[in-house]
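For reference, the chains in residue letters:
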Amino acid sequence: MHLPAFQYKRPGTLREALELLSLSRGPVFPLAGGTDLVVQLRKKSVAQESLLVDLGNLTELRGVQLDSNGLQIGALTTHAQLAAAPLIQTEAPLLAWACARVGTPQTRARGTLGGNVVHASPAADTIPPLLVHEAILVICSPQAKRRSALDRFLLGPYRTTKRTDELLVAFSLPKLTNFRYGYQRLIRRQAVGIARIIVAVALRFEGRTICEARLACGAVTPVACRLAGVEEWLRGKEATPSLFQEAGERAGREAIARSGPRWSTPYKQPVLASLVRRALQQAGGF
Ligand SMILES: Cc1cc2nc3c(=O)[nH]c(=O)nc-3n(C[C@H](O)[C@H](O)[C@H](O)COP(=O)(O)OP(=O)(O)OC[C@H]3O[C@@H](n4cnc5c(N)ncnc54)[C@H](O)[C@@H]3O)c2cc1C
C-alpha cells in the first residue's frame with residue numbers, strides 16, 4: 001500500500017521546528033520515530049498533503065540526565081536508549097522494564113518516549129511507569145514553555161492537551177528514594193503484542209509497614225491511571241500475602257468502576273487483581 005502524499009521539512013533547531021508548526025496553514029504533525037505516525041499515514045487517518053516536521057536533527061531533545069530535580073529525559077530519547085541507560089535502570093526501573101517490552105527491536109530503536117506519550121494510546125507501555133513517577137512534561141510553543149503533570153496532559157484515548165503549535169521537549173521525573181518496584185504486563189501471546197493489562201507499582205516501607213504506595217494501571221481504563229483508593233488503603237498496613245491479595249481485588253473493582261462494565265470485564269477484573277497482587281509481591285520481595 002502506498003503512503004498518501006505529504007510535505008516534509010527537517011528543521012535544524014527547536015526554534016525552526018516550532019515556527020514551522022505555528023506558521024503552517026494546513027494539517028501539520030511533528031515526526032519523531034514515525035512508528036505511530038507512519039501507520040496513521042498508511043491508514044489515511046492523517047490528511048493528504050499534511051506537513052510532517054521531522055524532529056530528527058534536534059539532538060538537544062535526546063538523552064538522560066540526573067540533577068537536583070530528578071531525572072530529565074529528552075522527548076526524542078528512544079525506547080532502546082532508555083531500556084539500556086544505567087541511570088534509568090537505577091532511578092526509574094519501571095520505565096526501563098516498560099521500554100524493554102515495547103514492540104520489536106526495530107520499534108524500540110526508532111520509537112521515542114515523547115511519541116509514545118503524545119500518541120496517548122490507552123495501552124501505551126511507558127505511561128503507567130511515568131504516572132508512578134508523577135512525571136512532569138515540558139512543552140514548548142513559539143511563545144512560551146509550560147509544564148504539565150502527565151495525568152492532566154492525558155484527556156482521553158488518543159487525546160491530550162498538546163496544541164498543534166506545541167512540541168513536547170522533555171520529561172522531568174522527581175527522584176523516588178527508598179522505593180521498591182513491581183511491574184506486570186499481560187499480552188495475548190509470548191511475542192510482540194499490544195499490552196492487554198499493565199501494572200506498575202512502587203512501595204516505600206518502614207520495616208514491613210507500607211508508608212507509601214503508588215499503583216498505576218494501563219489498558220484497563222480509557223486513560224491509564226493511578227488507583228488512588230487502593231494506594232490509600234495500603235498506606236500504614238503491614239505487607240502480607242493476604243493484604244496483597246485483597247489489594248488486588250480492590251484494584252480490580254476500582255479500575256472497573258472507572259471504566260464502567262464492558263464485555264471484557266469478567267476476564268479483566270480477576271486478571272487485573274492477580275497482576276496487581278503479583279506486582280505488589282514483586283515490590284515487597286516475596
Ligand atoms: C510493530 C509495532 C509495535 C509496537 N508495539 C508497541 C508496544 O508494545 N507498546 C507501545 O506502547 N507502543 C507500541 N507501538 C507504538 C509506537 O511504537 C510507540 O507509541 C512509539 O513510542 C511512538 O513513538 P514515535 O517516536 O515513533 O512517534 P511518532 O510516530 O513519530 O509520533 C507519534 C505521535 O506523536 C506526535 N509526536 C511525536 N513526538 C512528539 C513531540 N516531541 N512533541 C509533540 N508531538 C510529538 C506525532 O506528531 C504523532 O502524532 C508499536 C508500533 C509498531 C509499529
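Not measured: the values here are computed from a predicted model.

**Some details on the overall build of the protein**
Right, on to step 1. Looking only at helices and strands, the protein features 12 helices and 14 strands.
Right, on to step 2. Taken along its principal axes, the extent of the C-alpha atoms in the protein is 60 × 45 × 30 Å.
Right, on to step 3. Looking at the protein as a whole, 52% of its 286 residues qualify as buried.
Right, on to step 4. Partitioning the contacts of the protein with sequence separation of at least 6, the portion at a separation of at least 24 is 63%.
Right, on to step 5. Working note: accessible area of the protein is about 13600 Å², and carbon and sulfur atoms make up 51% of it.
Right, on to step 6. One finds the centroid of the 37 positive side-chain charges in the protein at a distance of 6 Å from the centroid of its 21 negative side-chain charges.

**Notes on helix H5 (residues 93–100)**
Right, on to step 1. Within H5, 6 of the 8 residues are buried, leaving the element largely enclosed by the surrounding structure.
Right, on to step 2. Within H5, the full set of buried residues consists of Pro93, Leu94, Leu95, Ala96, Ala98 and Cys99.

**Let's talk about the sheet that holds strand E10 (residues 167–173)**
Right, on to step 1. Across the sheet, 5 strands lie side by side as E4-E5-E10-E6-E7; this open sheet has antiparallel pairing. Edge positions in the open sheet fall to strand E4 (64–67) and strand E7 (145–149), since each of these has one partner strand only. The sheet shows a mean angle of 25 degrees between the axes of neighbouring strands, direction not considered.
Right, on to step 2. As paired strands, E4 and strand E5 (residues 70–74) are joined by 4 bridges and run antiparallel to one another. Looking across to E5, one finds that aspartate 67 is bridged to glycine 70.

**A word on the domain arrangement of the protein**
Right, on to step 1. With domains assigned, the protein is organised as domain 1 (7–54), domain 2 (59–173) and domain 3 (201–284).
Right, on to step 2. Summarising the inter-unit geometry, the C-alpha centres of domain 1 and domain 3 are found 39 Å apart.

**Regarding the nonpolar core**
Right, on to step 1. Grouped together as the largest cluster of nonpolar side chains are 40 residues, with contacts concentrated most on Ile88, Leu95, Leu130, Leu150, Phe171 and Leu173.
Right, on to step 2. The leading source of residues in this core is H5, at 5 residues.
Right, on to step 3. Counting contributing residues, this core receives three or more from each of domain 2 (59–173) and domain 3 (201–284).
Right, on to step 4. In this structure, leucine 173 is in contact with Asn69, Gly70, Leu71, Ile73, Ala92, Leu95, Leu130, His133 and Ala135, ignoring residues within four places of it in sequence.

**Brief notes about the pattern of salt bridges**
Right, on to step 1. Taken as a whole and assessed by the stated rule, the structure comprises 13 salt bridges.
Right, on to step 2. Two residues, lysine 175 and glutamate 91, come together in a salt bridge whose shortest N-O distance is 2.7 Å. Taken together, the residues span a long stretch of sequence, with lysine 175 in the loop between E10 and strand E11 (179–186) and glutamate 91 in helix H4 (residues 86–91) at a distance of 84 residues.
Right, on to step 3. When salt bridges with common partners are traced through the structure, they connect Glu134, Arg204, Glu212, Arg214, Arg226 and Glu231 into a single cluster.

**A look at unusual backbone geometry**
Right, on to step 1. The phi torsion at alanine 120 lies on the positive side, around 60 degrees, for a residue other than glycine.
Right, on to step 2. Summarising the element assignment, alanine 120 is placed in the loop between helix H7 (113–119) and helix H8 (127–132).
Right, on to step 3. For alanine 219, which is not a glycine, the phi torsion comes out positive at approximately 70 degrees.

**Some details on the site of the ligand**
Right, on to step 1. Among the 29 residues in the neighbourhood of the ligand, the closest are listed as Pro30, Thr35, Asp36, Thr112 and Asp125.
Right, on to step 2. A distance of 2.6 Å is found between an oxygen atom of the ligand and a side-chain nitrogen or oxygen belonging to threonine 35.
Right, on to step 3. Between the ligand and glycine 103, the relevant distance is 2.9 Å, taken from an oxygen atom to a main-chain nitrogen or oxygen of the residue.
Right, on to step 4. A total of 980 Å² of accessible area belongs to the ligand in isolation, and the protein chains cover 88% of it.
Right, on to step 5. Elements with a minimum of two residues in the shell around the ligand: strand E2 (28–31), H7 and E10.
Right, on to step 6. Residue composition of the shell around the ligand, grouped by class: 13 nonpolar, 11 polar and 5 charged.
Right, on to step 7. Both domains that furnish three or more residues to the shell around the ligand are identified here as domain 1 (7–54) and domain 2 (59–173).

**Digging into the sheet that holds strand E3 (residues 51–54)**
Right, on to step 1. Reading across the sheet, the 3 strands line up as E1-E3-E2 and stay open at both edges, with parallel pairing between neighbours. The outermost strands of the open sheet, each flanked by one partner alone, are strand E1 (7–9) and E2. On average, each strand axis in the sheet is inclined to that of its neighbour by 25 degrees, with strand direction left out of account.
Right, on to step 2. One ladder, built from 4 bridges, connects E2 with E3; its direction is parallel. What sits directly across from phenylalanine 29, in E3, is leucine 52.

Rules and cut-offs
Residues numbered from 1 in each chain as written. Predicted model: local features only at pLDDT ≥ 70, side-chain atom pairs only at ≥ 80, totals over all residues. Heavy atoms only, no water. Helix = DSSP H or I, 4+ residues; strand = E, 2+ residues; numbered from the N terminus. Buried < 20%, exposed > 50% of the residue type's maximum accessible area, 1.4 Å probe, protein only. Contact = heavy atoms within 4.5 Å. Areas by Shrake-Rupley, 256 points an atom, 1.4 Å probe, with all protein chains shown as cover. Lys, Arg positive; Asp, Glu negative; His and termini not counted. Charge placed at Lys NZ, Arg CZ, Asp CG, Glu CD. Pairing = 2+ DSSP bridges. Axes fitted to C-alpha atoms, helices over the stretch in contact; angles between N-to-C directions. Domains from an automatic or database assignment. Core = buried A, V, L, I, M, F, W, Y, C linked by side-chain atoms within 4.5 Å. Salt bridge = Lys/Arg side-chain N within 4 Å of Asp/Glu carboxyl O. Near = heavy atom within 4 Å. Polar contact = N/O pair within 3.5 Å; in protein donor to acceptor, adjacent residues only side chain to side chain. Nonpolar A, V, L, I, M, F, W, Y, C, P; charged D, E, K, R; others polar.

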